[in-house]
Amino acid sequence: MFLYPITFYLFSFIAVLSALMVISSKNPVNSVLFLILSFINSAGLFVLLGAEFLAMILVVVYVGAVAVLFLFVVMMLDINFIKLREGFLQYLPFGTLLGIVLIIELSILFLTKSFSNSNLINYSSSPTINDIENTKLIGEILYTDYFYLFQICGLILLVAMIGSITLTLRDRGQIKRQKISSQNYVDAKKAIEKKKVKIGEGV
Amino acid sequence: MLNNFFSILLVPEICLSIFCIANLLYGLFLKKNSFRKTSNFAIIILLFVSILIFVGFKTDLAFFDLFFKSSNFIRFFKILVCLGAASVLIISKNYFIDLKISKFEIPTLILFATLGMLIMIGANNLMIMYLSIELQSLSLYVLASINKNSIYSAESGVKYFILGALSSGILLYGFSLVYGFTGTTSFEEIKIVLSQQTDLSLGIIFGLVFILVGLAFKISAVPFHMWTPDIYEGAPTSVTAFFAIVPKISAVALIFRLCLEPFENFSNEWSQIIFFLSISSMFLGSIAAIAQSSLKRLLAYSSIGHIGYVLIALVANNDQSIKSASIYMFIYMIMNISIFAILLSLKKSNMYLEKISDLVGISKSNPITSLCLAIIMFSMAGLPPFIGFFGKFYIFIAAIESELYFLSIMGVLASVIAAYYYLRIIKVMYFDVSEKNESFDFVISFHSKILLLVLILIITFFIIYPSLLINYTSILRIT
């Protein structure tokens, strides 16, 4: 079990480092890319815990959808990030206060007896490897017992799609669209017309 | 018991969800008149589904009974929802076309909302309850902001969305607490777990309070009513009609089922909350409506007041309460459909009526329309011999049987106050004299004219043969 601590510390080190880079890098695009790196390393930590389904969901949802959306927003919108940074010193005391409170809370959690006595630590120390993976187990229950719930979720997503299209689609009556079929049917003889133009006059 | 494969199509929810998608595709492939055709199709679907619910085929689908429940109470409310949605489509067709927001997605979204409500009424599990509420409200958010040309419509949509999301969050918090302390999400198993306890633990009480708050948002009971007047005013009147009539019915059914099924043995815990919601809704509904000049805001406050009366039946919690609440919701639906049918077809100098003062002089130019409005207003105020009297009558009987004298006296007082603003509309129509001589147009389609006629006849002559409804509702049982 020598490999296990090494991978754990590698993943967590990169995760923490990239999280630091997210808030400290000057370029917002770099920030988002570091955020993605941080997510992927957290996904690696989940794999180490034996929660491979959660790891995949983290990559698919957070990296695939949320972070890429962030990236698009950062790149598309003209946000003045230098102006956003201006209040940094002003809010620094409040931020440190929040940080200190968080640290105190965490240390209270670790110091109380009920936490250290519980079996919670045993769960996280070593992964229990089953014959059946989590993904399969979740799938087995999701598509049988909870089939109706799954279907209703699908309907909700369909309604969300219909709604967003209905509210944003504008029918601009005078828009010019390309009609490929009529372009293909253009006859060279009818399309081009020869005219003699007298010198000094228009058509 | 139907064992055929095709019998799953006879389950109302499955049938409706298939037809929802069919209606969407039908609208997509139509070139012209897509709104008119899809809404006609939707009306037929809803009537068909209500027949399916009425017949009530039993199927042995796997896991179906874990999540869905059926009883004659549930079936009654499901039929009310289907008929309510169908009649809203009938009365609002012309209005949508007139306002040039006749998109074929509107009937589809109404169908999806109705599907959500059907699942919601029959939900037997906290998870399915949450999903159905989301399915219903998501369609309603879109419907509220469907009029892209109006800034008020967009505002009402955003307001509804934010407050609805907030209430869903509160609801989910309650669910998670109840799940955490009972270890199950099924209504029946929650009841079994709770039956082993003499007192509710603090966590479950918190969960129950959060769930009731979330549901009170949905039925717009005071103090969670803030969104109602703004959204009713901002949304197009036809959408307001849908909001006022249909989601209220389903949410009332759900709040009854939740209190009387899993938490049946702990009525002391929830009845205080419902008691407060009921009294405050009745009084705010009647007092705040006095100051309104907009008809839609007035109807919003009126619906808040009506919700207060229905909740009296829940506080009473005896064998009369299911019956009286069913009668009340049926009557509420009839009165609201008829008043919106008139509002959606009454125009004054090419504008739809918005203010109460616009009604001045209508008794001279349109005597029949104003007579209909007067009948509905008398009925809403609860004056005999009209139908509205019976709704309140059975509610108060239920309250008195449980010796809730204070609550019933408060209810009567609130309805006296409410009578003021209902009767004021009649006064404006018949006794106020206008300086300008403006003409009213009453443009109503054939179908909604028939519907309105039938409803007015029911409102007026219900007293002759009330036992049909009363006998039917007295056999309704929640389990």
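Residues numbered from 1 in each chain as written. Chains lettered and ligands numbered in written order. Predicted model: local features only at pLDDT ≥ 70, side-chain atom pairs only at ≥ 80, totals over all residues. Heavy atoms only, no water.

Draft legend 1. Up close: the overall build of chain B. Counting secondary structure elements, chain B contains 20 helices and three strands. Taking the principal axes of its C-alpha atoms as reference, chain B extends roughly 70 × 60 × 45 Å. Burial statistics for chain B: of 479 residues in total, 62% are counted as buried. For chain B, the share of sequence-separated contacts (at least 6 apart) that also reach a separation of at least 24 residues comes to 83%. A total of about 18500 Å² of accessible surface is found on chain B, and carbon and sulfur atoms cover 67% of it. On chain B, the mean spot of the 30 positive side-chain charges and the mean spot of the 24 negative ones are 11 Å from each other. (Helix = DSSP H or I, 4+ residues; strand = E, 2+ residues; numbered from the N terminus. Buried < 20%, exposed > 50% of the residue type's maximum accessible area, 1.4 Å probe, protein only. Contact = heavy atoms within 4.5 Å. Areas by Shrake-Rupley, 256 points an atom, 1.4 Å probe, with all protein chains shown as cover. Lys, Arg positive; Asp, Glu negative; His and termini not counted. Charge placed at Lys NZ, Arg CZ, Asp CG, Glu CD.)

Draft legend 2. Representation of the interface of chain B and chain A. Each side of the interface is counted separately: chain B has 26 residues, and chain A has 19 residues. Taking both sides of the interface into account, the surface hidden between chain B and chain A amounts to around 2000 Å²; carbon and sulfur atoms contribute 84%. Summed over the three residues of chain B that lose the most area to chain A, namely Phe63, Leu131 and Lys148 of chain B, the buried surface amounts to 25% of that side. Summed over the shared surface of chain B and chain A, the result is zero salt bridges. Our count for the chain B to chain A interface comes out at one residue pair in polar contact (both at pLDDT 80 or more). Every element with two or more residues in the side of chain B that touches chain A is listed here: helix H1 (12–29), helix H3 (64–67), helix H5 (105–121) and helix H6 (126–144) of chain B. With eight residues, H6 of chain B is the single largest residue contributor to the side of chain B that touches chain A. Along the lines of polarity and charge, the residues of the side of chain B that touches chain A split into 19 nonpolar, three polar and four charged. (Buried area = accessible area lost by both parts, 1.4 Å probe. Salt bridge = Lys/Arg side-chain N within 4 Å of Asp/Glu carboxyl O. Polar contact = N/O pair within 3.5 Å; in protein donor to acceptor, adjacent residues only side chain to side chain. Nonpolar A, V, L, I, M, F, W, Y, C, P; charged D, E, K, R; others polar.)

Draft legend 3. Spatial organisation of the side chain of lysine 392 of chain B. Residue and element names in this part refer to chain B. Among the secondary structure elements, lysine 392 is positioned in helix H17 (residues 387–401). Of the side chains with opposite charge, glutamate 401 comes closest to the buried, unpaired lysine 392, at an N-O distance of 20 Å. Polar contacts involving the side chain of lysine 392 include one to the main-chain carbonyl oxygen of methionine 380, which spans 3.3 Å. Setting aside residues up to four positions removed in sequence, lysine 392 forms contacts with His306, Tyr309, Tyr328, Met380, Ala381, Gly382 and Ser415.

Draft legend 4. Summary view of the pattern of salt bridges. Residues and elements named next belong to chain B. Counting across every chain of the model gives ten salt bridges over all chains. As a salt-bridge pair, lysine 347 and aspartate 98 come within 2.7 Å of each other at their nearest N and O atoms. Of this pair, lysine 347 sits in strand E1 (residues 346–348) while aspartate 98 sits in helix H4 (residues 72–98), and the two are 249 residues apart along the sequence. Overall, the relative accessible area of 11% leaves lysine 347 in the buried class. What makes aspartate 98 partly exposed here is its relative accessible area of 37%. In this structure, the salt-bridge partner of aspartate 230 is lysine 159, at a minimum N-O distance of 2.9 Å.

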